[in-house]
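Inside the fold
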Amino acid sequence: MSTQRFLTRPITRVSGQNSEVRPDHLALEEPLEIQIAHGPEATREWKTVAITMRTPGHDRELAAGFLIGEGILRSLDQVEAVHSRGPRFGEQGWQHSVRVTLRPEVSVDLNRLQRNFYTTSSCGVCGKTSIEALELTSFSPLPPASWQIDAKMIGTLPGLLREAQAVFDQTGGLHAAGLFTPEGKALVIREDVGRHNAVDKVIGAQFLTGHESGSILVVSGRASFELMQKAIASGIPMLVAVGAPSSLAVEVAEKFNATLVGFTKPNSFNIYAGAERVHHNASNVREVLT
């Protein structure tokens, strides 16, 4: 496969008293260096701002989405070029570095990007070097709700996301993120070993192409602070997660007027913030106080 993003390795499968040697597919996990170049052309400087473990593919989108989530990129007009760099590997010729070059007149505060140079595939926010780096002061609250999504539609979104996970079908080891309209139309879906990487790829895809902007970000796992931050930074007002949200994710959603839904199943889900964007005709509503 020209787009294959998994490796096949022999394993020993044990079931009860029986065992067998059989092939198994493993999701690829490789490092990606994200660089940013800025300043006048004659004195342009570049710096490595992050190294993340990711599933190769859509790396330019990942880099752009990462910088959007950090509040560095706000408009495509700021960007001169985004290109992959370094030695090529694998049949697909992937590279291990992406450089985002800003236009000469664009200034950038690299102090906002202070973090350890290694970010694991399972957690991006834990690489930040100080609690001050978690501040969201550069982002504005989202505008009041101007649309609603039907409750029944919310229940279908994880299934629609799952249907598009081609590599997950082979490996069972990838997270997914997708951008949807309130009518359930999928605009872009991406997979990665890191859930924050999958979200960066989705956000970066919309940013770099300038295509229709979606209103609902759907993720296959839990809703962390960092995922909520990325949604708000890119102007996405609603995050729907298959798993649980963290307390900080809920606080951020409330502060910035976003909608946060968790534990999403075909016939049930929890609304943790921004219930005004969800339309439901519940015939039996009760309040449980204990």
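Worth saying up front: this structure is predicted, and the values here are computed from it rather than measured. (Residues numbered from 1 in each chain as written. Predicted model: local features only at pLDDT ≥ 70, side-chain atom pairs only at ≥ 80, totals over all residues. Heavy atoms only, no water.)

For the protein, the helix and strand inventory stands at six helices and 14 strands. Sorting the 290 residues of the protein into buried and exposed places 48% on the buried side. For the protein, the exposed surface amounts to about 14,400 Å²; the carbon and sulfur share of it is 50%. (Helix = DSSP H or I, 4+ residues; strand = E, 2+ residues; numbered from the N terminus. Buried < 20%, exposed > 50% of the residue type's maximum accessible area, 1.4 Å probe, protein only. Areas by Shrake-Rupley, 256 points an atom, 1.4 Å probe, with all protein chains shown as cover.)

Leu217, Met228 and Leu260 are the most contacted members of the largest nonpolar core, which totals 52 residues. Once residues within four sequence positions are removed from consideration, leucine 217 is found in contact with Ala177, Gly178, Leu179, Val199, Val202, Ala231, Ile236, Met238, Leu239 and Val240. In terms of nonpolar packing, the next biggest core, distinct from the first, is built from 15 residues, Ile154, Val218, Met238 and Val278 among them. (Core = buried A, V, L, I, M, F, W, Y, C linked by side-chain atoms within 4.5 Å. Contact = heavy atoms within 4.5 Å.)

Turning our eyes to something else, we now look at the packing of helix α4 (residues 195-209) against helix α5 (residues 225-233). The contact between α4 and α5 brings their axes to 10 Å, and the two run at 5°. On the basis of their axis angle, the class for α4 and α5 is roughly parallel. Only Glu226, Leu227 and Lys230 of α5 make contact with α4, whose side of the interface consists of Arg195, His196, Val199, Asp200 and Ile203. (Axes fitted to C-alpha atoms, helices over the stretch in contact; angles between N-to-C directions. Parallel < 35°, antiparallel > 145°, perpendicular 65-115°, else oblique.)

As a further point, take α4. Count 3.6 residues to each turn of an α-helix, and residues three or four apart come out pointing the same way. Taking 1.5 Å of rise per residue, 15 residues should cover 21 Å, and α4 covers 22 Å from first to last C-alpha, within 8% of that figure. In terms of residue burial, α4 counts as a mostly covered element, since 14 of its 15 residues are buried. One or two steps after α4, the chain reaches glycine 210, where phi turns positive at roughly 70°. (Expected span 1.5 Å × (residues − 1).)

The next subject is the sheet that holds strand β6 (residues 94-102). In any sheet, the strands associate via hydrogen bonds between backbone groups, in a parallel or an antiparallel arrangement. Ordered by their spatial adjacency, four strands build an open sheet running β4-β3-β6-β5, and the pairing between neighbours is mixed. At either margin of the open sheet sits one strand with a lone partner, and together these are β4 (45-54) and β5 (79-89). When strand polarity is set aside, the average angle formed by the axes of neighbouring strands in this sheet is 20°. Alignment of strand β3 (residues 30-38) against β4, held across nine bridges, turns out to be antiparallel. Among the inter-strand pairings, proline 31 is bridged to a residue of β4, identified as methionine 53. Sheet contacts for α4: β4 and β5; angle to β4, the most-contacted strand, approximately 130°. (Pairing = 2+ DSSP bridges.)

Here the phi dihedral of histidine 58 falls at roughly 60°; this positive angle occurs in a residue that is not glycine. A positive phi angle is found at asparagine 257, which is not glycine, with a value near 60°. Counting through the fold element by element, asparagine 257 comes out in the loop between α6 (247-255) and β12 (259-265). With a relative accessible area of 24%, asparagine 257 lands in the partly exposed category.

Approximately 30° is the largest bend angle found in helix α2 (residues 151-163), and it occurs at leucine 157, with the proline proline 158 only one to four residues beyond. Listed in full, the buried residues belonging to α2 are Ala151, Ile154, Gly155, Leu157, Pro158 and Leu161. N-capping of α2 is provided by aspartate 150, with a side-chain oxygen placed 2.9 Å from the backbone N of lysine 152. (Bend = angle between axes of the 7 residues up to and from the residue. Polar contact = N/O pair within 3.5 Å; in protein donor to acceptor, adjacent residues only side chain to side chain.)

So, on to the pattern of salt bridges. Per the counting criterion, the structure on display carries seven salt bridges. Between lysine 230 and aspartate 200 there is a salt bridge; the shortest N-O distance is 2.8 Å. Taken together, the residues lysine 230 in helix α5 and aspartate 200 in helix α4 connect sequence positions 30 residues apart. We classify aspartate 200 as buried; its relative accessible area is 1%. Among the charged side chains, a salt-bridge network with shared partners connects Asp200, Glu226 and Lys230. (Salt bridge = Lys/Arg side-chain N within 4 Å of Asp/Glu carboxyl O.)

Once that is clear, we can look at the layout of surface pockets. Considering only enclosed or pocket space, the largest pocket measures out at about 410 Å³ in volume. Around the largest pocket, the lining residues are Asp150, Ala151, Lys152, Pro266, Asn267, Ser268, Phe269, Asn270, Ile271, His279, His280 and Asn281. Mapped by element, the contributors of at least two residues to the lining of the largest pocket are α2 and β13 (268-273). Looking at which element gives the most residues to the lining of the largest pocket, the answer is β13, with four residues. When its residues are assigned to classes, the lining of the largest pocket shows four nonpolar, six polar and two charged. (1 Å grid on protein atoms, 1.4 Å probe; cavity = no way out; pocket = protein on both sides within 12 Å on 5 of 7 lines; lining within 4 Å. Points joined across faces, edges and corners; volume = space filled by probe spheres on them. Nonpolar A, V, L, I, M, F, W, Y, C, P; charged D, E, K, R; others polar.)

What follows covers the packing of aromatic side chains. Throughout the structure, instances matching the rule amount to one aromatic pair. When the centroid spacing of 6.1 Å and the interplanar angle of 50° are considered together, the rings of phenylalanine 89 and tryptophan 94 count as tilted. The burial state of phenylalanine 89 is the same as that of tryptophan 94; both residues are buried. (Phe/Tyr/Trp six-rings, centres within 6.5 Å; stacked < 30°, edge-to-face > 60°.)

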